[in-house]
Amino acid sequence: MDLDTVREVVVARERADLAALTGDAAVLAGGTWLYSEPQERIGRLVDITMLGWPALTVTDAELEIAATCTLDELDTAVLPPEWSAAELFPQACRALLASHKIRRTATVGGNVCLGLPAGAVLAALTALDATLLIWGEGGRDRRIPVAHFVLGPGRVELRPGEVVRSIHLTSAKMRSRTAFRKIALAPLGRSGSVVMGRADIDGRCAITVSAATMRPVVLEFADMPTPGELTATIMGLAREVWYDDPHGTPAWRRHVSTVLAGDVLADLREVRS
Ligand SMILES: Cc1cc2nc3c(=O)[nH]c(=O)nc-3n(C[C@H](O)[C@H](O)[C@H](O)COP(=O)(O)OP(=O)(O)OC[C@H]3O[C@@H](n4cnc5c(N)ncnc54)[C@H](O)[C@@H]3O)c2cc1C
């Protein structure tokens, strides 16, 4: 849609151009959400897609994903075969209720910064214990775990003038084993619950519940939990954790998340034995 409050679009070509992010300015990445509804408080857009950031950078130590990497680029990435956790990327990209056209334009950074419960790529990065590099005003940088970045539906830890530059995943986490389950009320409906499991090479285990919850919730265990322990942990989560919208009631979401988490755990255990 036309954003008729926008007076100016600045195309950033180097970091200094991001100084235009003041007042009523907002970052423009793929624009798939920004252009999908009125943005009455935005007067200027600063386009970050011409900054020339390589979509994916692989080193021995880590995977770096540029904020401007598209969901399609992440979905089809060819990564080192020992990085078994990369299988979560296509699963997460395809969990979004979006056409291929949207996936080719929407960015990973945009998905993270929206902080939506249905942000499946955000959830996968949380499940893999990723860290964000955030560029601030005056050349100041900071890093924050993705797990701490989202505060609630559509609320993230981003200060005025800040831009998410990249997302970082350690090689050790990329070598972990993963499992994935999703459910929606309708075959092509928005996800009611998405559960992702991670079994680390040192034996630790994390189960991340998303879509059903206000923000991705990570349940960490020193060793693989028993099914009973996992169920008790999920049932013990505070009532306010569970999300309520037309795609599922909190009670249904808690129930199906418990079932999906059990399946995820069974998958992680099966691979180990
Ligand atoms: C048909 C359709 C279906 C969709 N389905 C889903 C879905 O199932 N789940 C879901 O989560 N989303 C969904 N979306 C919303 C959106 O398309 C995706 O979340 C997408 O990943 C957003 O990326 P983008 O690059 O288009 O972001 P934009 O629309 O460009 O930006 C989104 C927001 O993030 C900010 N932003 C973007 N990048 C940065 C950055 N690097 N630093 C700081 N701020 C930044 C922008 O200022 C804006 O506030 C859907 C959208 C459509 C149109």
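As the structure is a prediction and not an experimental result, all values here were calculated from the model.

Conventions and cut-offs
Along every chain, residues carry numbers that run from 1 in the direction the sequence is written. With pLDDT at 70 or above as the cut-off, local features in this predicted model cover only qualifying residues; side-chain atom pairs require 80 or more to be listed or tallied, and sums for whole chains, interfaces and linings still use all residues. Any two strands with at least two DSSP bridges between them are considered paired. Put simply, DSSP H or I for four residues or longer makes a helix, DSSP E for two residues or longer makes a strand, and each gets a number counted from the N terminus. Working convention: axes come from line fits to C-alpha atoms, limited for helices to the stretch in contact. Angles between N-to-C directions cover 0 to 180 degrees. Only the C-beta atom matters for this test: placed from the backbone, it must lie within 6 Å of a molecule or strand for the residue to be near it. Each residue gets one of three labels, nonpolar for Ala, Val, Leu, Ile, Met, Phe, Trp, Tyr, Cys and Pro, charged for Asp, Glu, Lys and Arg, and polar for the others, Gly among them. A domain assignment, automatic or from a database, supplies the domain bounds used here. Exposed residues have 12 or fewer other C-beta atoms within 10 Å of their own C-beta, buried residues have 20 or more, and residues in between are partly exposed; the C-beta atoms are placed from the backbone. Remark: residues whose backbone-derived C-beta atoms lie within 7 Å of one another are considered to be in contact.

Enquirer: Is there a simple way to think about the sheet that holds strand 1 (residues 8-11) in this case?
Expert: One open sheet accounts for three strands, arranged 1-3-2; its pairing is parallel. This sheet does not close on itself; its edge strands, each paired only once, are strand 1 and strand 2 (25-28). Averaged over all pairs of adjacent strands, the angle between their axes in this sheet comes to 25 degrees, without regard to strand direction. Across four bridges, the pairing between strand 2 and strand 3 (residues 44-47) is parallel. Of the residues in strand 3, the one forming a bridge with Leu-28 is Asp-47.

Enquirer: What is the right way to look at the site of the ligand in this model?
Expert: As a structural note, the neighbourhood of the ligand is formed by 30 residues, with Ala-29, Gly-30, Gly-109, Gly-110 and Asn-111 the closest of them. Every element with two or more residues in the shell around the ligand is listed here: strand 2, helix 4 (108-114) and strand 10 (163-170). Among the residues forming the shell around the ligand, the class breakdown is 20 nonpolar, nine polar and one charged. Both domain 1 (8-47) and domain 2 (56-172) contribute no fewer than three residues apiece to the shell around the ligand.

Enquirer: Would you mind showing me how to read the pairing of strand 5 (residues 62-66) here?
Expert: Regular strands have side chains that alternate between both faces of the sheet. Sheet analysis places strand 4 (residues 56-58) next to strand 5, joined by three bridges and oriented antiparallel. Directly across from Thr-57, in strand 5, lies its bridge partner Glu-64. Counting the residues between successive antiparallel strands, the hairpin from strand 4 to strand 5 contains three residues. Pairing of strand 5 with strand 10 involves five bridges; the strand directions are antiparallel. Within strand 10, the residue paired with Ala-66 across the bridge is Ser-166.

Enquirer: Please explain the environment of Ala-261 as it appears in this structure.
Expert: Locating Ala-261 in the fold gives a position in helix 9 (residues 250-272). Looking at Ala-261, the number of C-beta atoms within 10 Å reads 26, which means it is buried. Sequence separation of Ala-261 and Leu-51 is 210 residues, and the distance between their C-alpha atoms is 40 Å. Filtering out sequence-adjacent residues up to four positions away, Ala-261 remains in contact with Val-195, Ile-207, Val-209, Leu-230 and Ile-234.

Enquirer: Sorry, what's going on with the domain arrangement of the chain here?
Expert: Quoted interface sizes are often the accessible area lost when the parts come together. Here the chain is partitioned into domain 1 (8-47), domain 2 (56-172) and domain 3 (176-272). Computed from C-alpha coordinates alone, the two centres of domain 1 and domain 2 are separated by 19 Å. Tallying the contact residues gives nine residues for domain 1 and 13 residues for domain 2.

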